[in-house]
Structure formats: structure tokens, C-alpha cells
Amino acid sequence: MANFTVNRVETSPIEGQKPGTSGLRKKVKVFTQPHYLHNFVQSTFNALSAENVKGSTLVVSGDGRYYSKDAIQIIIKMAAANGVSRVWVGQNGLLSTPAVSAVVRERIGADGSKANGAFILTASHNPGGPNEDFGIKYNMGNGGPAPEGITDKIFENTKTIKEYFIAEGLPDVDISVTGISNFSGPNGQFDVDVFDSASDYVKLMKSIFDFQSIQKLIASPQFSFCFDALHGVGGAYAKRMFVEELGAKESSLLNCVPKEDFGGGHPDPNLTYAKELVARMGLGNNADSNPPEFGAAADGDADRNMILGKRFFVTPSDSVAIIAANAVQAIPYFSSGLKGVARSMPTSAALDVVANSLSLKFFEVPTGWKFFGNLMDAGLCSICGEESFGTGSDHIREKDGIWAVLAWLSILAHKNKDNLDGGKLVTVEDIVKQHWATFGRHYYTRYDYENVDAGAAKDVMAHLVKLQSSISDINTTLKGIRSDVADVVAADEFEYKDPVDGSVSKNQGIRYLFEDGSRLVFRLSGTGSEGATIRLYIEQYEKDSSKTGRDSQEALAPLVDVALKLSKMQEFTGRSAPTVIT
């Protein structure tokens, strides 16, 4: 058993270590500066209560992106020096963000220990590699992201830090092999437990879904399936889940070998970046002539998802609404009913209509999964989602890409339980169109302007806030742009009072609400690593079932025109077009 001592290292504050809704994300070159990662990790330990550090159990893993392996060894040594008793690491340092949440909530160590929290090493859907992005965030004992009270403390600590502690004489741990390594230090024994990345998560999924009914669906000659991990950590689960447990062919898996640079791609599951899957599903310029019935993708850390049918894209806003509408019948975990549902403010109101129809509790929250976590911990919410390809439930406290794929497979299996011996298959497109016929359609699009000059982005938002001082002036301007849009009836900056802890979140996005239920929403996003990202959300509700089959961009064209001219987007940013349209 190797012995180590604790080394106190003098340091000084480094500017800009403010964690956003999803932790701290910067370029790798920033994180590899002397003391940069160390300062943030020590500031986090200093922000936690003593019982969550001294003698505690800490999970440290992530999506496997470049610099993760080095960062894991640094955090292990710092955890030991700060009095942590055990560090749990997924084999090869790989754990999806939802799997980390599951491990924190469900796993019991060989000595009976449970995790107190976790460092997750991910920049989610952002690219990886030596010149790309790295990220770190802390999750609490409930498996969910640290609340603002903790992230604010972390940031304050980064501005005053003078020292950090790191173990001297503690060798690097071989994280490629499962097993427990024991060490001895000033606080007693210190263990590092490297465990199989997939087992706990697969076990949890099997307790939620009817794997037998999904197996029957996948085995049917009428059904075909495709999953793209975009070379993210989802690949560490795909073969085990879809091939070994559910019987899919290995050829149905695309890009399922996790890579530090995500194969040079952008691991964001949308129509722009998941090009190979989109083509395989019969969409886009290089469309396959014989696409599968069902396709899905996950992002770098496998917490986001994209759902596709044959030549058909399911918007994330529709996806969460359809899962909620079918959950009780199709997913055993929800068979006794839903406690409530929730969506982020920019997400379309498709879920609201389902909640109203099924008499469910409904919540509209700011962007950030921690807001859903509060509702779930209080027993108020079962299913929730974001328009940014995040969907999940109260089985963990993070969004969960593979859970969403299994939810859709469960709905397809339920709808086709009598059709698999030769009847006509109910397709993804059939399910979505039937949903529109029942609940109406929310035409919806999102424009992302990435890496905009931060000053220009702030100018756009300030201009939009100033406009809100006079609704009549807004409507006069609108009529000068398009006469075929409804009047604005309300305009505000979204503010949320948490019904559980009473905390208030201000300035969560700028909203323009129209008389016919249409909406324009503008937000600055905190998920980029440099510059600013402006997100523009455009939504129109159509109840008339004879008008729910229009092309989305065509239906939304008048509102798009209004949004771009009202915001003076090109004038302020110099951008004539968005980086990504979803």
C-alpha cells in the first residue's frame, strides 16, 4: 500500500472561473494553464460542507474528451489531500452524465459506501481535442447539478483562493482496469475504485422499461433501427444496451467508439451535426434510399438526444410531449401515473397542452436541469424536457439521452404490440401526426448565433428589453414589417420563483407573446466556451388539424422575418444568417 503526504501549494486567483448552468467550460489550452484546474477543484471542495468532503465518497468520470485522463489523476490526488476517503471512477474514465447521476443515487460500494457527489468532466455537445473544449461540473448527493448557492460560492472562492492541496507520493491509478487500489495518507486509508461503466446504468434502465416488449419490436422483420453515438461516451453503453440486451444488430450502431476528439466531429445531436445519421434516415442531400424505421443520436456526454423516423424529424419539444402523453401506457415505471411535467421556458408549449388535457401539474422553468431536479426531489415532476435536445425523468437528476431513445422504443413497441406478425407498422411519423391531430401542432424553430462578440450580444438584448417599454410601439413596428402576424399582447424578461425553495431566478430570457399563442424568445446561452451564443426561439400554435401538415419553415416565415428585423440582429452582430437552424 503506497503512502502519500499532503502538499500545500500556493496559488492566486485566475479570472473568469464562473461556472454556468452546466459547469465551467473553456478551451483545453485554458484548462492546461498552471493551477487552472487545481484552483477550480479546490474552490469547489472549499464550497462544500465538511461531511461532503472529509471521509466522503466522490465519483470522478466524464465523456472521455481530450484532457480527461490527466484531469482525473489530478482530481484523485486533490481529493486524497482534502480528506476524501474513496474515489469511484468509471473504467477508462468513462461515464455518461446520466450514468454519473445514476451511480451517485444508486450504487453501493463494496464497503457499503454511497457517493456524496461527483466531478463530471465534460463540455457536453461541444467539440473535443487539443484545440477544442473541456469542462468540469460538480453534482450533489441527489445526483443533480450543484444549485446556484453552491456555484456562486465556488465562483467567489476562485476570486480569493491562495492555496490548494494535492497528494505527494500518490501514483497515477490505472483506470483502464477495474478493481480497487488502496493507499494510505494522513487521514487514513484512501481507495480508488475503478468499476464497469455500464452495469449500474443498464440495471437502472431494465427497472424502468419493459425490455421484453422492446426486444420483440427490434426482432420484427418490419422494424429497423439505427443509433449514432457521435463518438461520444454513449458508445460505451450502446453495444451493451442495444445489441446484447435488446438484440439489435451491431451494424445498427454508428460511431459508437468513444474518441477524445469525437472523431473530429461536433458531438451535437441535431440535423446540422449528426450528418451521417440524418443521411441514413433518408433526410438531407445525401439521403439513403432505404432508411430504417427509427433512428436516434446522443451527444458527447449522452445526456441529449435526437429522435428520427424514416425521412422524419421529431422536434425535442414534440418529443417530450409525446413521451408524456404515452408514458403511463407504454412505460412500466410510470404505470401508476405521472406526478407532473415540466419544460424549460424556451421549449414549445406542446407539453402544456398535454398537461392540460391530462390534468397534470405543469411547471415552466428557466433553462438548466437543476430547476427540474428541485421539482423532482419534491415529488412534483415525473417527466421533463428542453428544446435543446434534453429529455428526462425522475429516475435520475440529469437529462438522459439513452433513456429518451428507450422511451421512444417503448412507445413504438406499445403501439405495435398487435402488428408485429404482419400487420401495418405504426411509424414514428404516424405517432407524431396522431399527436398533432389530438393536441394541435406547435410549429417551432431555433436560430443559434454562435461565438458572437460578447458586447454585440449584450447590445441585442438591451435593445430588445428597451423595446418592451411600449407594447403599442412594438405593434406599430410589427405592422411595418409584416401585416400577417398577430399583435403582441405581452412582453417581459422571464423570472422564475421556485415553488420548492422560494429562490428567484431573474433575467432568464426575453419574451414576446402574441395574441394567437405565438412566441418569440431571445436568450444568451452559457454553454459555449468563448464569445457569446444568442438563441432565438420562434413558435406558432396551430389547432386546425387541416393545417398541421405544413412545412415548418414556411409556416414560421412571417415570425422569423419579424424576429430578425425587430431585434436588428444583423445590424448589431454583423451576422446575415445563424450558425445553426434547428
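Residues numbered from 1 in each chain as written. Predicted model: local features only at pLDDT ≥ 70, side-chain atom pairs only at ≥ 80, totals over all residues. Heavy atoms only, no water.

Student: With reference to specific residues and values, describe the overall build of the protein.
Tutor: Helix and strand counts for the protein come out as 18 helices and 27 strands. Computed over its C-alpha atoms, the radius of gyration of the protein comes to 24 Å, within 12% of the 25 Å expected for a compact globule of 582 residues. Each principal axis of the C-alpha atoms in the protein carries an extent, and together these give about 75 × 60 × 45 Å. Sorting the 582 residues of the protein into buried and exposed places 60% on the buried side. Just so you have it, the protein exposes about 21,800 Å², and 46% of that area is on carbon and sulfur atoms. (Helix = DSSP H or I, 4+ residues; strand = E, 2+ residues; numbered from the N terminus. Rg over C-alpha atoms; globule rule 2.2 N^0.38 Å. Buried < 20%, exposed > 50% of the residue type's maximum accessible area, 1.4 Å probe, protein only. Areas by Shrake-Rupley, 256 points an atom, 1.4 Å probe, with all protein chains shown as cover.)

Student: So what's going on with unusual backbone geometry? Which residues, and what values?
Tutor: Located in the positive-phi region is Phe389, a residue other than glycine, with phi close to 65 degrees. Of note, Phe389 is situated in the loop between β18 (383–386) and β19 (390–393). For Lys568, which is not glycine, the phi dihedral falls at a positive 55 degrees. Mapped onto the elements of the fold, Lys568 is located in the loop between α17 (552–567) and α18 (569–573). Residue Lys568 is classed as partly exposed on the basis of its relative accessible area, which comes to 35%.

Student: Residues and numbers for the packing of aromatic side chains, please.
Tutor: In this structure the tally under the stated criterion is 18 aromatic pairs. Residues Phe4 and Phe190 carry aromatic rings whose centres are separated by 6.1 Å and whose planes lie at 80 degrees to one another, so their mutual orientation is edge-to-face. Placement of the pair is Phe4 in the loop between β1 (2–3) and β2 (5–10) and Phe190 in strand β10 (residues 188–195), with a sequence separation of 186 residues. Comparing Phe4 with Phe190 shows no difference in burial state: the two are buried. Ring centres 6.4 Å apart and planes at 40 degrees place the aromatic pair Phe313 and Phe389 in the tilted group. A residue pair is termed long-range when its members are at least 10 positions apart, and Phe313 in strand β15 (residues 312–314) and Phe389 in the loop between β18 and β19 qualify at 76 residues. (Phe/Tyr/Trp six-rings, centres within 6.5 Å; stacked < 30°, edge-to-face > 60°.)

Student: Describe helix α3 (residues 68–81), listing the residues and the values that go with them.
Tutor: For α3, which comprises 14 residues, the first-to-last C-alpha distance of 20 Å matches the rise-based estimate of 20 Å (1.5 Å per residue) to within 8%. Counting buried positions along α3 gives twelve out of 14 residues, so the element sits mostly inside the fold. Count one or two residues on from α3 and you reach Gly83, which has phi positive near 95 degrees. (Expected span 1.5 Å × (residues − 1).)

Student: Run through the pattern of salt bridges, naming residues and quoting values.
Tutor: Counting across every chain of the model gives 36 salt bridges. A salt bridge links Lys310 to Glu293; the shortest N-O distance between them is 3.2 Å. Placement of the pair is Lys310 in the loop between β14 (305–309) and β15 and Glu293 in the loop between α9 (275–280) and β13 (294–298), with a sequence separation of 17 residues. For Lys310, a relative accessible area of 29% puts it in the partly exposed group. Lys433 is the salt-bridge partner of Glu429, the closest N and O atoms lying 2.7 Å from each other. Of this pair, Glu429 and Lys433 both sit in helix α14 (residues 428–439), separated by four residues, roughly a single helical turn. Salt bridges sharing partners connect three or more residues here, namely Arg343, Asp352, Glu364, Asp492, Arg511, Arg519 and Glu539. (Salt bridge = Lys/Arg side-chain N within 4 Å of Asp/Glu carboxyl O.)

Student: Give a detailed account of the nonpolar core, specifying residues and quantitative values.
Tutor: One finds Phe227, Phe242, Phe294 and Leu406 to be the most contacted residues of the largest nonpolar core, which totals 82 residues. In terms of residues, this core owes the most to one element, helix α13 (residues 401–415), which gives eleven residues. Those residues in contact with Phe227 that lie beyond four places of it in its chain are Gly234, Ala238, Phe242, Ser252, Leu253, Leu254, Cys256, Ala296, Ala297, Ala298, Ile402 and Val405. Judged by nonpolar contacts, the second largest core, of 46 residues, contains Val28, Val41, Ile166 and Ile175. (Core = buried A, V, L, I, M, F, W, Y, C linked by side-chain atoms within 4.5 Å. Contact = heavy atoms within 4.5 Å.)

Student: Got a sec to walk through the sheet that holds strand β11 (residues 225–228)? Specific residues and values, please.
Tutor: Pairing is mixed in the open sheet, where five strands are placed in the order β12-β11-β13-β14-β15. Since the sheet does not close on itself, it has two edges, and those belong to β12 (253–254) and β15, each with one partner. As paired strands, β14 and β15 are joined by three bridges and run antiparallel to one another. Across the sheet, the residue bridging to Leu308 is Phe313, located in β15. (Pairing = 2+ DSSP bridges.)

Student: Explain the packing of helix α8 (residues 235–245) against α13 residue by residue, including any values.
Tutor: Their axes nearest at 12 Å, the elements α8 and α13 cross at an angle of 20 degrees. Comparing their axes, α13 and α8 come out roughly parallel. When the axes of α8 and α13 are compared, the crossing they make is right-handed. Taking contact as the criterion, the partners of Tyr237, Met241 and Phe242 in α8 are, on α13, Ile402, Val405, Leu406 and Leu409. (Axes fitted to C-alpha atoms, helices over the stretch in contact; angles between N-to-C directions. Parallel < 35°, antiparallel > 145°, perpendicular 65-115°, else oblique. Left-handed = near helix turned anticlockwise from the far one by under 90°.)

Student: An account of the side chain of Thr445 is requested, with residue identities and associated values reported.
Tutor: Following the sequence through the fold, Thr445 ends up in strand β20 (residues 441–452). At 3.1 Å, the side chain of Thr445 forms a polar contact with the side chain of Gln553. Those residues in contact with Thr445 that lie beyond four places of it in its chain are Leu536, Tyr537, Ile538, Gln553, Leu556, Val560, Ile581 and Thr582. (Polar contact = N/O pair within 3.5 Å; in protein donor to acceptor, adjacent residues only side chain to side chain.)

Student: Now, about α17: what can you tell me, with residues and values included?
Tutor: Given a rise of 1.5 Å per residue, 16 residues ought to cover 22 Å, and the 21 Å separating the end C-alpha atoms of α17 matches this to within 8%. Residue Pro558 marks the point of greatest curvature in α17, where the axis turns by about 50 degrees. All buried positions along α17 are accounted for by Ser552, Ala555, Leu556, Pro558, Leu559, Val560, Val562, Ala563, Leu566 and Ser567. You can read the cap of α17 off the contacts: a side-chain oxygen lies 3.2 Å from the backbone nitrogen of Gln553, and it is on Asp551. (Bend = angle between axes of the 7 residues up to and from the residue.)

Student: Can you explain the sheet that holds strand β26 (residues 532–542)? Please cite residues and give values.
Tutor: Strand order in the open sheet formed by six strands is β21-β24-β25-β26-β20-β27, and the pairing between neighbours is antiparallel. Because the sheet does not close on itself, it has two edges, and the strands there are β21 (488–493) and β27 (580–581). As defined by bridge partners, strand β24 (residues 510–514) adjoins strand β25 (residues 519–525) across four bridges and the pair is classed as antiparallel. The partner of Ile510 across the bridge, within β25, is Phe522. α17 rests against β20, β24, β25, β26 and β27 of the sheet, and its axis sits at about 45 degrees to β20.

Student: Requested: an account of the environment of Ile411, with residues and values cited.
Tutor: Positionally, Ile411 belongs in helix α13. Classification of Ile411 by relative accessible area gives buried; the value is 0%. C-alpha separation for the pair Ile411 and Arg441, spaced 30 residues apart in sequence, amounts to 19 Å. Not counting residues within four places of it along the chain, the set of residues in contact with Ile411 comprises Ile322, Ile323, Asn326, Ala330 and Ile431.

Student: Describe the pairing of β24, and please don't skip the residues or the numbers.
Tutor: Working note: regular strand, side chains alternate between the two faces of the sheet. The buried fraction of β24 amounts to four of the five residues, a majority that puts the element mostly inside the structure. Of the pairings in the sheet, the one linking β21 to β24 comprises five bridges and is antiparallel in character. Across the sheet, residue Glu493 finds its bridge partner in β24, namely Ile510. Hairpin connection of β24 to β25: four residues between the antiparallel strands, including Gly517 at a positive phi of 90 degrees.

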